[in-house]
Amino acid sequence: MKIAVLPGDGIGTEIVAEAVKVLSVLDLSFELEEAKVGGAAYEAHGHPLPESTLKLAQQADAVLFGAVGDWKYDNLERALRPEQAILGLRKHLELFANFRPAICYEQLTHASSLKPELVAGLDILIIRELTGDIYFGQPRGRRSAPDGVFAGQPEAFDTMRYSRPEIERIAHVAFQAARKRGKKVTSVDKANVLETFQFWKDVVTEVHAEYPDVELEHMYVDNAAMQLVKAPKRFDVLFTGNMFGDILSDEAAMLTGSIGMLPSASLNARGQGLYEPSHGSAPDIAGKGVANPLATILSAAMMLRYSLNQSEAALRIETAVKSVLAQGLRTADIYSDGTTRVGTKEMGDAVVARLKAQS
Ligand code: IPM
Ligand code: MG
C-alpha cells in the first residue's frame with residue numbers, strides 16, 4: 001500500500017504529521033512518500049504541482065493531502081497559485097467523486113451556529129461532482145464582449161457544462177451511497193434557469209430508474225441553501241455539481257460547528273483517492289500548534305476504508321477520535337467551557353494513546 005503524503009501549506013504540515021503518526025501505530029505496513037505541493041512546491045520548484053509530485057500521486061494507491069494556499073500568493077498568475085495544485089490533482093487523477101460528510105458530533109452540538117435541536121444528530125453526506133462544471137469548462141478567459149449592450153467592452157467568461165457520462169457516473173455513486181445510508185438522494189440543480197442543470201436533472205432522473213429502493217427528490221440550489229439552515233436534518237445524501245457543491249459543502253460543514261472535524265474523500269473509478277480535511281490551510285494560525293488535526297486523522301480513516309480496503313483499521317481510528325472527544329479534549333476551534341484545551345500535537349498523541357489502549 002503506497003501512500004503519497006502531500007502536506008502543502010499553512011497548517012497542512014502540522015495536521016498531516018499527526019495523521020501520519022496515527023497511521024504508524026496501526027500495525028499495517030505502508031510505504032509513505034512525502035512531496036511538496038501548493039505554495040510550498042512553488043517556493044521549492046517554481047510550480048504548485050511539480051511533475052514529480054503529480055507522478056508520485058499517480059503511482060500511489062492513495063494521497064493524504066493537507067491543505068494549500070496563502071494570501072501571499074494571491075497576486076501570482078492563476079496557473080501558479082496554490083489552488084491549482086488541488087485542481088490539477090483532481091483533473092489528472094480523474095477524482096470525480098467527492099464525499100463530504102457533514103456530521104454534528106454529539107459533544108459539539110453547542111458549537112453550531114444553529115440551535116442545538118436543529119443540528120443534534122445531523123448526518124448528511126454531500127456528494128459533489130469534482131472534475132466538471134464551470135470549474136473546468138472551456139472556453140474561458142477574457143475578451144472584448146462580442147455582443148449585447150456592452151459590446152466591445154472588456155469582459156471575462158467561463159463555461160458551465162456537463163456531458164451525459166459525467167452526470168451518469170456520479171449519479172450512480174450518489175444512489176449507491178444512499179443505499180448504504182438513509183436511502184434518500186436530494187439532487188440539487190438550477191434547472192429553472194440553466195440548461196446545464198436541466199440536463200443534469202433529466203439524466204439523474206433516468207439513472208434513478210435503476211434504483212427504485214432509493215428516494216429521489218430534486219431541489220433548486222437557492223432553496224437547498226435555505227433548507228440547510230432551516231431544517232438540515234431533512235437531508236440524507238445531498239448530491240450536486242462542482243460549483244454548487246463547493247458552496248453548499250462549506251455551508252453544511254459550518255453548521256455542524258466542527259469544520260475542524262470533517263474529513264473528505266475524492267475518488268476515481270479505480271478506487272484511487274485523495275483524502276483531505278474539509279477545511280483550508282488557515283495561514284493565520286499556521287505554525288502555532290493550535291490547529292485541529294482530527295479532520296485529517298479522520299480523512300486517513302476514510303483512506304483506509306475507501307482506497308486501502310482496511311475498514312477495520314478505519315473504524316479503530318474513528319472510535320479513538322470519539323473517545324478523545326468523550327474525554328473532553330478540545331483544540332481551540334471546538335473548545336467550550338468545562339472541556340480541556342489541547343494543541344495539535346497533544347490531540348494527535350491522545351488519539352495514538354487511545355489506539356494503543358484498544359489493542
Ligand atoms: C474546496 C476548495 C477548492 C474548490 C479550492 C481550494 C480550489 O474550496 O475543496 O472546496 O473550490 O474546490
Ligand atoms: Mg470549497
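For clarity, every value in this text was computed on a predicted model and none was experimentally measured. (Residues numbered from 1 in each chain as written. Chains lettered and ligands numbered in written order. Predicted model: local features only at pLDDT ≥ 70, side-chain atom pairs only at ≥ 80, totals over all residues. Heavy atoms only, no water.)

## A closer look at the UniProt feature "domain: Isopropylmalate dehydrogenase-like" (unreviewed entry) in the chain
Put simply, the rule is: UniProt positions are given in the numbering used here, feature names are shortened, and annotations may be inferred rather than shown by experiment. Helix and strand definitions follow DSSP, with helices as H or I runs of at least four residues and strands as E runs of at least two, each counted in order from the N terminus.
Under the UniProt annotation, the feature "domain: Isopropylmalate dehydrogenase-like" (unreviewed entry) is placed at residues 2–351. Annotated as residues 2–351, this span is 38% helix and 20% strand, and its ends, taken at the C-alpha atoms, are 23 Å apart.

## A short note on the domain arrangement of the chain
As a reminder of what qualifies: Here the limits of each domain have been adopted from an automatic or database domain assignment. Residue contacts follow a heavy-atom distance rule, with two residues in contact if any of their heavy atoms lie within 4.5 Å. Put simply, buried area is how much 1.4 Å-probe accessible surface two parts lose in total, over both of them, once they are put together. Salt bridge, as used here, is a side-chain nitrogen of Lys or Arg placed within 4 Å of a carboxyl oxygen of Asp or Glu.
The domain boundaries assigned to the chain delineate domain 1 (1–96 + 268–359) and domain 2 (99–263). Measuring from the centre of the C-alpha atoms in domain 1 to the corresponding centre in domain 2 gives 24 Å. Taken residue by residue, the interface counts 24 residues in domain 1 and 23 residues in domain 2. For the domain 1 face of the interface with domain 2, the top three residues by lost area are R90, F96 and S278, together amounting to 34%. Applying the counting rule to domain 1 against domain 2 returns zero salt bridges.

## What to know about the packing of helix α10 (residues 294–306) against helix α11 (residues 311–326)
Cut-off, in case you're wondering: Here the axes come from fitting lines to C-alpha atoms, over the contacting stretch only for helices, and the angles between their N-to-C directions go from 0 to 180 degrees. Angles are sorted into four bins: roughly parallel if under 35 degrees, roughly antiparallel if over 145, roughly perpendicular if 65 to 115, and oblique for all others. By convention the crossing between two helices is left-handed if the near helix lies anticlockwise of the far one by an angle smaller than a right angle, and right-handed if it lies clockwise. Side-chain classes are defined by residue name, with Ala, Val, Leu, Ile, Met, Phe, Trp, Tyr, Cys and Pro counting as nonpolar, Asp, Glu, Lys and Arg as charged, and the others, Gly among them, as polar.
Relative to each other, α10 and α11 sit at 160 degrees, their axes nearing to 7 Å. Here α10 lies roughly antiparallel to α11, going by the angle between them. Pair α10 / α11 crosses with left-handed handedness. Across the interface between the two elements, L294, I297, L298, A301, L304 and R305 from α10 touch S311, A313, A314, L315, I317, E318, V321 and L325 from α11. When its residues are assigned to classes, the contact of α10 with α11 shows 11 nonpolar, one polar and two charged.

## Structural notes on the nonpolar core
How we decide: For the purposes of this section, nonpolar cores are sets of buried Ala, Val, Leu, Ile, Met, Phe, Trp, Tyr and Cys residues that join through side-chain atoms within 4.5 Å. For each residue, the accessible area found with a 1.4 Å probe, counting protein chains only, is set against the maximum for its type, and the residue is called buried under 20%, exposed over 50%, and partly exposed in between.
Counting 83 residues, the largest nonpolar core has F99, I127 and F239 as the members making the most contacts within it. Inspection of this core shows a minimum of three residues originating in each of domain 1 (1–96 + 268–359) and domain 2 (99–263). The residues touching I127, leaving out its near neighbours within four places in the chain, are N98, F99, I170, V173, A174, A177, V237, L238, F239 and T240. A35, L56, A57 and V63 belong to the second largest nonpolar core, which has 18 residues in total.

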